[in-house]
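Next come the chains, spelled out residue by residue.
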Amino acid sequence: MPTADSLTPLPRTPLLGGWWLFVPLLAWAAFRGWWAPDEPRYAQIARECWDRGEWLVLHICGDIYPDKPPLVYWIAGVFGRFSDWSEFAMRIPSLLATLGSVLLAQRMARRLFGEAAARWVVPLYLGTAMLLEIGGRLQLDPILSFFTFLAAERLTAATEPSGSRAAVSGLALGLGALSKGPVAWLHGGFALVAARLALPKGQRTGIRGLHWVFIVLLAIAPALLWAIFASLSEPILADHLFFGQHLGRLSEKAPHEGPPWQHLLEMPVLLLPTTPLVILALWRAWRTRSDGEPASRNLRFLALWFAFTFLVFSIMPPKRPLYLLPIYPVAALLAAQELSLRWQQGAWRRWIVRVPAGLLLFLGVAVGLALIGARIPAVLEKAPKLDQVLPYGLAGAALSLTLIVFSWLAWRRSDSPRGMDHLVQALGLTFLAAGFFVAPVLDEIKSARSLALEIAALPQKPEAIPVRGVQPEGYRYYGRVPTVRSGDLIEALNRDGDQFLALVETRQYQTLSPEVQERTVELLRGRVGSREVIVLGAKP
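In this text, all values refer to a predicted model and were calculated from it rather than measured experimentally.

## Remarks on the overall build of the protein
- Across its full length, the protein holds 24 helices and 6 strands.
- Judged by the C-alpha coordinates and their principal axes, the protein covers about 80 × 65 × 40 Å.
- Looking at the protein residue by residue over its 540 residues, the buried ones come to 55%.
- Here the contacts in the protein between residues at least 6 apart in sequence split such that 75% fall between residues at least 24 apart.
- Total accessible area on the protein is roughly 23000 Å²; 65% of this is exposed by carbon and sulfur atoms.
- Within the protein, one finds 53 positive and 41 negative side-chain charges whose respective centroids are separated by 11 Å.

Structure below.
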């Protein structure tokens, strides 16, 4: 299989090289607060590191938090501490990690396939629905993805000096493990196994002997040293860090469990608009499995890396789309090479663009019809839930128009890669408009800020505020009120007396004991996300 650069160069480059897609990420990060489930928790953990002056043992709402290593919380906490705990500032580490991942993908594309693929990998990575949605959030996964991809990229650059590559790759795996745990080693292992199967001897890693020992030591040391010192500081952590987070989970019900086919249903949507290109690249890797050309071997390496990761995470019970974020750079590499080859070999097909264009066009029309229907009484009577879109009238119209116009342009230009660039523009500009116009409106519902500030203004100042059916982190972060994970309202009533406060989700209120209902009164009520929350106080 020839490389794309051995044929006629592509007629054009993506708009601004695809780098403009970082602007929607910035907007999406800048104009909203912490949204559940993850961001309020991670932000509060980072803040408590500074509030308590405790860096080895993490805490959340006063309780020990044993579930994840500390690196992301340390970094986010530094950005938060010196920005008066700005949400945007605390998201900067994720934004930088996303930028780092795309720079690595471009370097890897240039090394494996040449300049033609390298010029397209940027928009085909940053322009996917998954990256636009999560690339600028305060999450562990963008930073994990950067470190594991850096390790794999350095390990497989076999023609470069092995000493420096061993140091960088080992340290990257170590920092990845310090970000999210041993899953970092798993991602690094997938890349190594794929290289072992797809690449000829001498072109896999070029690393030998003691350098592998050095890599392993660097990969293990950061997380291991932290776990040892954290356990010495807080002995109850030892069992959880050395057993419960790993082998212990085999005997327990896993969080976020899903069926084996869940990723197969979700990932094609989150890979849009590159899904057809990724599927075609995987098929090409299979068809050329006996081809000994370097470009074919490199394509098989990426395809196996992608397939191993996808298969293992499909078998594992926990299922969340962001668990697969580390292979989105690999998907972008596959898509960029497929796009380049198909155009230059004269094998471009309109459906590569028209299938995702049709889906996005349908979505744009559906949004527009929903906005129109919400203003027609007869329609609203039959579909009362449409009234939820009314606050987003102008913003929704902007999203609908953007999707329709650029999806139609993509459909019209589907005879060349320019159509794919229009698809990326459709998604990128939609997220940009959403960041500027939808996020601030939606933030009033999704963020706990407003209700937290109302609680902070109440005269009651309890020692602790128990919750029932409510996540306490956002209220503690924004209102600096002592929400705790405990749901023991009787204990709090007896302890705090007329200073008592509690947060209860409305559906949970009916499950409260008659004594609690008799001794409390509703002080405030508000909606946070999908939950309607009641703030209870003690009856006079």
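Okay, back to it.
## Points about the packing of aromatic side chains
- Counting across every chain of the model gives 15 aromatic pairs.
- Clustering of aromatic rings is evident, with ring pairs tying together Trp28, Trp35 and Phe431.
- The residue whose ring lies beneath Arg47 is Tyr477, and the NZ or CZ to ring-centre distance is 4.9 Å.
- Here the basic side chain of Arg289 rests over the ring of Trp286, its NZ or CZ set 4.0 Å away from the ring centre.

## Quick word on the sheet that holds strand 4 (residues 501-505)
- What the 4 strands build is an open sheet, ordered 3-4-6-5; its pairing is mixed. Edge strands, defined here as strands with exactly one partner in the open sheet, are strand 3 (467-468) and strand 5 (520-528).
- Sheet topology note: the strand 4/strand 6 (residues 531-538) ladder contains 5 bridges and is antiparallel. Bridge pairing in strand 6 places Glu505 opposite Val533.

## Topic: unusual backbone geometry
- That bond from Ala36 to Pro37 is cis: its omega, 10 degrees, falls within 30 degrees of zero.
- Here the residue pair Leu272 and Pro273 is connected by a cis peptide bond, since its omega of 5 degrees sits within 30 degrees of zero.
- With respect to the secondary-structure elements, Pro273 resides in the loop between helix 12 (262-270) and helix 13 (275-287).
- Unlike most non-glycine residues, Cys61 shows phi in positive territory, near 50 degrees.
- Classification of Cys61 by relative accessible area gives buried; the value is 2%.
- If you check the backbone angles, Arg480 has positive phi at about 55 degrees while not being a glycine.
- As for its position among the elements, Arg480 is in the loop between helix 21 (473-479) and helix 22 (489-496).

## Thoughts on the environment of Arg519
- Within the element layout of this structure, Arg519 appears in helix 24 (residues 514-519).
- The sequence separation of Arg519 and Ala538 amounts to 19 residues, and the corresponding C-alpha distance is 6.0 Å.
- Residues contacting Arg519, with those up to four places away along its chain left out, are Leu493, Asn494, Gly537, Ala538 and Lys539.

## Re the pairing of strand 6
- The buried fraction of strand 6 amounts to 6 of the 8 residues, a majority that puts the element mostly inside the structure.
- Bridge count for strand 5 against strand 6 is 8 bridges, and the pairing is antiparallel. Across the sheet, Arg525 pairs through a bridge with Ile534, a residue of strand 6.
- Between strand 5 and strand 6, which follow one another and run antiparallel, lie 2 residues, and Gly529 among them has a positive phi close to 65 degrees.

## Quick look at the pairing of strand 4
- Here strand 4 lies mainly inside the structure; 5 of its 5 residues are buried.
- The side-chain alternation of strand 4 yields two buried faces, one formed by Leu501, Leu503 and Glu505 and the other by Ala502 and Val504.
- Sheet topology places strand 3 next to strand 4; 2 bridges connect them, and they run parallel. Residue pairing in the sheet places Arg468 in a bridge with Val504 of strand 4.

The rules we used
Residues numbered from 1 in each chain as written. Predicted model: local features only at pLDDT ≥ 70, side-chain atom pairs only at ≥ 80, totals over all residues. Heavy atoms only, no water. Helix = DSSP H or I, 4+ residues; strand = E, 2+ residues; numbered from the N terminus. Buried < 20%, exposed > 50% of the residue type's maximum accessible area, 1.4 Å probe, protein only. Contact = heavy atoms within 4.5 Å. Areas by Shrake-Rupley, 256 points an atom, 1.4 Å probe, with all protein chains shown as cover. Lys, Arg positive; Asp, Glu negative; His and termini not counted. Charge placed at Lys NZ, Arg CZ, Asp CG, Glu CD. Phe/Tyr/Trp six-rings, centres within 6.5 Å; stacked < 30°, edge-to-face > 60°. Lys NZ or Arg CZ within 6 Å of the ring centre and 35° of its normal. Pairing = 2+ DSSP bridges.

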